[in-house]
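Fold and contact review
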Amino acid sequence: IRVERQPEQGEAPVIVLVIGESFNKHHSPLYGYPLPTTPRLCQKSHLVAFDHACSPVCFTHTAMRYIFSLRSCDHHEADDPLQYVLFPAIFKQAGYRVGYFDNQFTQLKVGFRDFTCGYFMSPPSISKRCFDLRNDFIDPYDGVFIERCQGLFLKEGKSLNIIHLYGQHLDAKSRYPEAYAYFQGADIPREDLDEGERQKVAEYDNATRYHDMVVGMILDAFREQDAVVVYLSDLIHCSIRFYD
């Protein structure tokens, strides 16, 4: 693909794309949820919460192929999304430096999750065309991962940072440290659920609250830059844009 740089600009905002995991907008006060699961995001005055965005599919490995390619979700043909151009490659050709930080897999680690979710970006020929920088580590908790990435984020003009987190994936209780167990089953206002089910919901809400803190860490990391931060989740409905 050929990218024409018109007009040539000396300055451009830093772009940060945060890809969450299994974020249900119905568990955030931004969309009317009664419990304080996202206190940090609710404090943002320059936040736009979109109300009509949803994941294209319910599996991470397929959703990521849509997210990274230019294929429209309105196209339901059987062709592979990877037949379309990957958007990080376009940014690179337009003169951006592109960093990719993923807490679920790395280019060097090969396993089932790496194969299904990220293998299409791991071959050196593809990775080199899309990214200038990638992480070679992951951590059990997103907060620890972001702390380790602080010195790697690209903050100069014409930079794109793509951050994929673990979010509330799979067993929500394992997505946050025990110290972040803010909610208990008794806090869940759901008479249609039994005690065990309410506890499961509480664990998901705890993971959401911890995730809110992690996204806040990312906002703080780019606070001194002219930056636009966009949040979406590869699963479940959610899309948020921040202007800092």
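Higher on the page you've got the structure.
The structure contained in this document is the topic of the report that follows. The model shown is predicted, which means the values in this text are computed figures rather than measured ones. Here the residue index of a chain counts from 1 through its sequence in written order. For this predicted model, a pLDDT threshold of at least 70 governs which residues receive local features, and a threshold of 80 or more governs which side-chain atom pairs are given and counted, while totals over whole chains, interfaces and linings are taken from all residues. The basis for every side-chain value is the complete set of non-hydrogen atoms in the structure, without hydrogens or water.

What about the overall build of the protein chain?
The helix count covers DSSP runs of H or I at least four residues long, the strand count covers runs of E at least two residues long, and both are numbered beginning at the N terminus. Scanning the protein chain for helices and strands turns up seven helices and seven strands. Three labels apply to residues, based on accessible area from a 1.4 Å probe with only protein chains included: buried if under 20% of the type maximum, exposed if over 50%, partly exposed otherwise in between. The buried share among the 244 residues of the protein chain stands at 48%. Residue contacts are counted whenever heavy atoms from the two residues lie within 4.5 Å of one another. Considering only intrachain contacts with a sequence separation of at least 6, the fraction spanning at least 24 residues in the protein chain is 73%. Per-residue accessibility takes into account occlusion by the displayed protein chains alone, with areas from the Shrake-Rupley method and a 1.4 Å probe. Counting only carbon and sulfur atoms, one obtains 53% of the accessible surface of the protein chain, whose full area is about 12,300 Å².

Notes on the pairing of strand E5 (residues 159-164)
With respect to burial, E5 is a largely interior element, six of its six residues being buried. Relative to E5, strand E1 (residues 14-20) runs parallel, the two sharing five bridges. When the bridges of E5 are listed, isoleucine 19 appears paired with histidine 164. As defined by bridge partners, strand E3 (residues 97-102) adjoins E5 across six bridges and the pair is classed as parallel. Its bridge partner being in E5, aspartate 102 is matched across the sheet by histidine 164. Paired strands are those between which DSSP finds at least two bridges.

Re the environment of glutamate 178
Along the chain, the position of glutamate 178 falls in the loop between E5 and helix H7 (195-221). The spatial distance from the C-alpha of glutamate 178 to the C-alpha of asparagine 206 is 9.6 Å, given a sequence separation of 28 residues.

A closer look at the side chain of histidine 27
Tracing the backbone shows histidine 27 in the loop between E1 and helix H1 (39-42). For histidine 27, the side chain forms a polar contact with the side chain of aspartate 205, separated by 2.7 Å. In this view, histidine 27 contacts Tyr33, Thr37, Val201, Tyr204, Asp205 and Thr208; residues no more than four positions away in its chain are not counted. Two N or O atoms count as a polar contact when they lie within 3.5 Å, although within protein this holds only if one can serve as hydrogen donor and the other as acceptor, and sequence-adjacent residues are included solely when both atoms are side-chain atoms.

Digging into the packing of helix H6 (residues 142-149) against H7
Throughout, an axis means a line fitted to C-alpha atoms (over the contacting stretch in the case of helices), and angles, computed between N-to-C directions, take values from 0 to 180 degrees. Put simply, H6 and H7 touch, their axes get as near as 9 Å, and they point 10° apart. By the criterion of interaxial angle, the relationship of H6 to H7 is roughly parallel. Each of Asp142, Gly143, Val144, Ile146 and Glu147 in H6 lies in contact with H7, whose residues at this interface are Tyr210, His211, Val214, Met217 and Ile218. We call Asp, Glu, Lys and Arg charged. Ala, Val, Leu, Ile, Met, Phe, Trp, Tyr, Cys and Pro are nonpolar, and the rest, Gly among them, are polar. For the contact of H6 with H7, a count of residues per class yields six nonpolar, two polar and two charged. Each angle is binned into one of four classes, with values under 35 degrees roughly parallel, values over 145 roughly antiparallel, values of 65 to 115 roughly perpendicular, and all other values oblique.

Description of helix H2 (residues 60-68)
Since one α-helical turn is 3.6 residues long, residues separated by three or four positions face the same way. Of all nine residues in H2, seven are buried; the element is thus mostly enclosed. Of all the residues in H2, the buried ones are Thr60, Ala63, Met64, Arg65, Tyr66, Ile67 and Phe68.

So, the environment of methionine 121
Within the secondary structure, methionine 121 is located in the loop between helix H4 (112-118) and helix H5 (124-130). Separated by 15 residues in sequence, methionine 121 and threonine 106 place their C-alpha atoms 9.7 Å apart. The contact partners of methionine 121, leaving out residues within four places of it in the chain, are Phe68, Tyr100, Phe105, Ile126, Ser127, Phe131 and Arg134.

Keep in mind that these numbers describe shape and distance, not what the molecule does.
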